[in-house]
Amino acid sequence: MQQPQETGFPEVFQNELEAIVTRRHRAGLGQDDSNEISADADTREEAMATDRRCVTKRVGLALSGGGIRSGSFNLGFLQALYERKILRHVDYLSTVSGGGYVGAFFASLATHPKNSLRWNEHAAQEQNGANCDWEYTFASEPAGRQPPLVRRLIQGGMYLRRPLLFFNRYLLGILTINLVAFTGLCAAVVFAAIILRSLDRK
């Protein structure tokens, strides 16, 4: 059996830089994270090749924990950064607890094939519904109305402030699944013992 090939840190780091460069160019950023890049294909390829060699300044954003308060604050915080075209400068997103709840949601939205995130356009264009799918947007309307997925995120996070609801709905289900699995395992062991016992008698 062929052993899997080991991957060293330099290769992993290079792949990480490639991913950062690709993300930055999709966001319309050059190597210094400040200037818009040309849409021309040749110019774009040249810029990306340069960025692969020159990615030095990387930006990280950390979202702290704290249950429902953290989730609510970080949701509004990310939306404010996005609407002001600041979030597109972030290369890394580190989260924990309530911040992880919102961070995971945003990461899944950003990588969704139907997402309507507009990194290169003013957020108001998205808010007005220009060329986007309202189902997969992130910015709220000026009046404060949230997109469907954001409302689903808020409603689905009720357990963050009602722990007993979490235990009733999820813990009981987990215990039931484990009980069924354990019962099935015991039944299989007893069946195997009976078969072996009957073979011994013969």
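Quick caveat, the model's predicted, so the values are computed rather than measured.

What to know about the overall build of the protein
The secondary structure content of the protein amounts to seven helices and two strands. Counting from the amino terminus, the protein carries its helices and strands in the arrangement α-α-β-α-β-α-α-α-α. Every one of the 202 residues in the protein was classed for burial, and the buried ones make up 28%. A separation of at least 24 residues holds for 61% of the contacts in the protein among residues at least 6 apart in sequence. Element-wise, carbon and sulfur atoms account for 59% of the exposed surface of the protein, whose accessible area totals about 13,500 Å².

Thoughts on the confidence of the model for the protein
Across the protein, the average pLDDT comes to 76, with 70% of residues at or above 70. Summarising per-element confidence for the protein, the mean pLDDT is lowest in helix α5 (residues 123-127) (41) and highest in strand β1 (residues 60-63) (94). Between residues 33-41, whose pLDDT stays under 50, and residues either more than four places distant or in other chains, the model counts 18 contacts. Note that residues 121-131 has pLDDT below 50 and, in this model, 18 contacts with residues that lie over four places away or in other chains.

What about the side chain of D91?
With respect to the element layout, D91 can be found in the loop between α3 (67-83) and β2 (92-95). Taking the relative accessible area as the measure of exposure, D91 reaches 14% and is therefore buried. At a separation of 2.8 Å, a polar atom in the side chain of D91 contacts the side chain of R24.

Digging into unusual backbone geometry
For K85, which is not glycine, the phi torsion reads 60 degrees and is therefore positive. Even without being a glycine, S97 presents a positive backbone phi close to 55 degrees. With a relative accessible area of 52%, S97 lands in the exposed category.

Observations concerning a nonpolar patch on the surface
A cluster of nonpolar side chains, contributed by F191, I195, L196 and L199, occupies part of the molecular surface with about 420 Å² of accessible area. Mapped onto the elements of the fold, L199 is located in helix α7 (residues 163-201). Its relative accessible area of 52% is what places L199 among the exposed residues.

Quick notes on the packing of aromatic side chains
Within this structure, the stated rule accounts for five aromatic pairs. Judged by centre distance (5.7 Å) and plane angle (15 degrees), the rings of F9 and F13 are stacked. In this pair, F9 and F13 both sit in helix α1 (residues 9-26), four residues apart, roughly one turn of the helix. Of the residues examined, F9 reaches a relative accessible area of 63% and is grouped as exposed. When the centroid spacing of 6.0 Å and the interplanar angle of 10 degrees are considered together, the rings of F73 and F77 count as stacked.

Examining the pattern of salt bridges
If you walk through the whole model with that rule in mind, you get two salt bridges. The shortest N-O distance in the salt bridge between D91 and R23 comes to 2.9 Å. Of this pair, D91 sits in the loop between α3 and β2 while R23 is found in helix α1, placing the two residues 68 residues apart along the sequence. Judged by its relative accessible area of 24%, R23 is partly exposed. For the salt bridge of D91 with R24, the shortest nitrogen-to-oxygen distance reads 2.8 Å. Of the two residues, D91 sits in the loop between α3 and β2 while R24 sits in helix α1, which places them 67 residues apart along the sequence. We note that D91, like R24, is buried. Several salt bridges share partner residues, and in doing so they unite R23, R24 and D91 into one network.

Parameters and conventions
- Residues numbered from 1 in each chain as written.
- Predicted model: local features only at pLDDT ≥ 70, side-chain atom pairs only at ≥ 80, totals over all residues.
- Heavy atoms only, no water.
- Helix = DSSP H or I, 4+ residues; strand = E, 2+ residues; numbered from the N terminus.
- Buried < 20%, exposed > 50% of the residue type's maximum accessible area, 1.4 Å probe, protein only.
- Contact = heavy atoms within 4.5 Å.
- Areas by Shrake-Rupley, 256 points an atom, 1.4 Å probe, with all protein chains shown as cover.
- pLDDT = per-residue confidence, 0-100.
- Polar contact = N/O pair within 3.5 Å; in protein donor to acceptor, adjacent residues only side chain to side chain.
- Patch = residues over 30% accessible without salt bridge, like charges linked within 9 Å, V, L, I, M, F, W, Y side chains within 5 Å.
- Salt bridge = Lys/Arg side-chain N within 4 Å of Asp/Glu carboxyl O.
- Phe/Tyr/Trp six-rings, centres within 6.5 Å; stacked < 30°, edge-to-face > 60°.

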